Amino acid sequence: LAKFVQESMVSGITLQKGKPKELEKFAEFIAKTRSNDPRDDIDDLVSFSKLFSEELTLDNLPRQYLVAICQLINIDTGFHTDAFLRFRLRNKMNALKKDDQMIRDEGLSAMTGLELQNANVDRGMRSV
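Reading the values: the criteria
Residues numbered from 1 in each chain as written. Predicted model: local features only at pLDDT ≥ 70, side-chain atom pairs only at ≥ 80, totals over all residues. Heavy atoms only, no water. Core = buried A, V, L, I, M, F, W, Y, C linked by side-chain atoms within 4.5 Å. Buried < 20%, exposed > 50% of the residue type's maximum accessible area, 1.4 Å probe, protein only. Helix = DSSP H or I, 4+ residues; strand = E, 2+ residues; numbered from the N terminus. Contact = heavy atoms within 4.5 Å. Salt bridge = Lys/Arg side-chain N within 4 Å of Asp/Glu carboxyl O.

### Looking at the nonpolar core
Of all hydrophobic cores here, the largest spans 10 residues; its members are Leu 58, Leu 61, Tyr 65, Leu 66, Val 67, Cys 70, Ile 73, Ile 75, Leu 85 and Leu 89. Those elements that provide at least two residues to this core are α4 (63-72) and α5 (82-106). Aside from chain neighbours lying at most four places away, what touches Ile 75 is Cys 70, Arg 88, Leu 89 and Lys 92.

Dropping the structure here:
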């Protein structure tokens, strides 16, 4: 899955014609984050987000990847069609965006330990 995402990111970036400087900066950023702690570069990462479309890969993902992503973020895959899985993923991503904004507005210090664990689980990060 990671290899597919990396390939999709590269192909998605190369589709952005007329922005060679941004592509060079992004390549330098990736090289830098491989050698450093990526948490130090959150602002840089956000600045590169405009190079990517939110719909970059979701419409083109084969079923096996859709199922894997759904399982990662606790979405029931059942016997649903690919279109329905995409719909569920989009809804989950929109809900997470709203939740992220609320967390940004209130701050992490306002969250209890249980709320923080649940937020991590919702994003596919298992917590203890």
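### Focus: the pattern of salt bridges
On inspection of all chains with the given rule, the structure shows 4 salt bridges. Residue Asp 59 pairs with Arg 90 through a salt bridge whose shortest N-O separation is 2.3 Å. Placement of Asp 59 in the loop between α3 (42-48) and α4 and of Arg 90 in helix α5 is noted, with a sequence separation of 31 residues between them. Residues Asp 99 and Arg 123 are paired through a salt bridge, measuring 3.0 Å at the closest nitrogen-oxygen approach. Pair noted here: Asp 99 is in helix α5 and Arg 123 is in the segment after α6 (113-122), with a separation of 24 residues, a long-range link. With relative accessibility at 22%, the residue Asp 99 sits in the partly exposed group. Through salt bridges with shared partners, one network takes in Asp 99, Asp 100 and Arg 123.

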